Amino acid sequence: MLDRLTVRDFYIHLERYPHLRTDTSVCEAIQLIFQMLKENDKFRTILIHDEENHLHGYLTLRDLIRALGPSYMHKSAPNYKGNQPFQEVETDISALSMIWQESFKETVMKEAEKPVSDVMTLVEESVTLDAPFAKVITLMLVEDVVVLPVVQDELVIGAVQLVDVFELIANRLCEEKHKEQSD
């Protein structure tokens with residue numbers, strides 16, 4: 001049952017989780033996540049760490065696509081939710097897309113060279129190995145995050161992804177439904 005699960009039962013060890021340094025370019029991050037998508041890997045985020053391997057944040061597909069856009073689409077600073085409204089710009093989508101279209105290629109090529117530290121989503125919350133499943137779901141929903149670092153003795157040892165939480169729920173619901181139908 002889900003109510004008996006702890007993080008220890010379903011987290012991904014740090015060695016298996018895709019990760020890059022803070023000084024890696026957006027272009028390199030896009031290449032990594034594109035490769036993961038081609039391989040049908042379930043990773044949709046990349047952890048970002050510094051040269052001493054301290055975790056600073058993560059990148060989502062949305063972070064990477066937003067990073068390639070013109071400055072009015074950027075986050076004013078990395079934040080933990082990764083979704084800010086456009087800064088000081090009216091949200092007339094037709095007008096915004098036309099402005100970007102005029103210099104699309106040049107903008108994308110220039111922005112792709114920025115370091116991932118400029119565009120990542122900061123990690124603000126974490127869980128321990130003994131944290132219950134319900135705490136993980138609650139943190140992910142309340143804090144609007146898709147990945148949570150798993151810490152032990154103040155060191156990051158792995159991560160929990162929203163996709164894995166969803167998979168556990170879906171599997172258990174299907175099992176329960178099948179069990180009910182069999183009885």
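Residues numbered from 1 in each chain as written. Predicted model: local features only at pLDDT ≥ 70, side-chain atom pairs only at ≥ 80, totals over all residues. Heavy atoms only, no water.

Comments concerning the overall build of the protein chain
Across its full length, the protein chain holds 6 helices and 8 strands. Going from the N terminus to the C terminus, the protein chain shows its helices and strands as β-β-α-β-β-α-α-α-β-β-α-β-β-α. Classification of the 183 residues of the protein chain by burial places 38% in the buried group. Residue pairs in contact within the protein chain that sit at least 24 positions apart in sequence constitute 66% of those at least 6 positions apart. (Helix = DSSP H or I, 4+ residues; strand = E, 2+ residues; numbered from the N terminus. Buried < 20%, exposed > 50% of the residue type's maximum accessible area, 1.4 Å probe, protein only. Contact = heavy atoms within 4.5 Å.)

Here we look at the sheet that holds strand β1 (residues 12-13)
The mixed open sheet is built from 4 strands, whose spatial order is β1-β8-β7-β6. With partners counted over all chains shown, the strands left at the sheet margins are β1 and β6 (127-128), one partner each. Bridge analysis of β1 against strand β8 (residues 155-161) gives 2 bridges, and the strand direction is antiparallel. When the bridges of β8 are listed, Ile12 appears paired with Ala159. Sheet contacts for helix α5 (residues 133-143): β6, β7 (147-152) and β8; angle to β7, the most-contacted strand, approximately 130°. The strands touched by helix α6 (residues 162-182) are β1 and β8; relative to β8, the strand with the most contacts, the crossing angle is about 50°. (Pairing = 2+ DSSP bridges. Axes fitted to C-alpha atoms, helices over the stretch in contact; angles between N-to-C directions.)

Details of the pairing of strand β3 (residues 45-49)
Of all 5 residues in β3, 5 are buried; the element is thus mostly enclosed. Burial of β3 is two-sided: the residues Thr45, Leu47 and His49 facing one way and the residues Ile46 and Ile48 facing the other way are all buried. Direction of pairing for strand β2 (residues 19-21) relative to β3: parallel, over a ladder of 3 bridges. Following the sheet pairing, Arg21 is matched in β3 by His49.

What to know about the environment of Thr138
Looking at the secondary structure, you find Thr138 in helix α5. We classify Thr138 as partly exposed; its relative accessible area is 47%. A distance of 2.7 Å separates the side chain of Thr138 from the backbone oxygen of Ala134, its partner in a polar contact. (Polar contact = N/O pair within 3.5 Å; in protein donor to acceptor, adjacent residues only side chain to side chain.)

A short note on the sheet that holds β2
What the 4 strands build is an open sheet, ordered β2-β3-β4-β5; its pairing is mixed. The sheet is open, and its two edges are formed by β2 and β5 (121-122), each paired on a single side. Sheet topology note: the strand β4 (residues 55-60)/β5 ladder contains 2 bridges and is antiparallel. By the bridge assignment for β5, Gly57 is matched with Leu122. This element, helix α1 (residues 26-38), spans β2, β3 and β4 of the sheet and lies at about 145° to β3.

Re the side chain of His49
With respect to the helices and strands, the residue His49 is situated in strand β3. His49 has contacts with His19, Leu20, Arg21, Thr22, His54, Leu55 and His56, leaving out every residue within four places of it along the chain.

Side note on the pairing of β4
As paired elements, β3 and β4 share 5 bridges and run antiparallel to each other. Each bridged residue has a counterpart across the sheet, and for Leu47 the counterpart in β4 is Tyr58.

Focus on the pattern of salt bridges
Within the structure shown, the criterion is met by 4 salt bridges. A salt bridge links Asp23 to Arg21; the shortest N-O distance between them is 3.1 Å. With a shortest N-O distance of 3.8 Å, Lys110 and Glu111 are connected by a salt bridge. (Salt bridge = Lys/Arg side-chain N within 4 Å of Asp/Glu carboxyl O.)

Focus: the packing of aromatic side chains
For the structure shown, the criterion picks out 2 aromatic pairs. Aromatic pair Phe10 and Phe133: ring centres 5.5 Å apart, planes at 75°, arrangement edge-to-face. Taken together, the positions of Phe10 in the segment before β1 and Phe133 in helix α5 put the pair 123 residues apart, joining distant regions of the chain. Comparing Phe10 with Phe133 shows no difference in burial state: the two are buried. (Phe/Tyr/Trp six-rings, centres within 6.5 Å; stacked < 30°, edge-to-face > 60°.)

Note that every value here comes from positions in space, so none of it alone points to a role or purpose.
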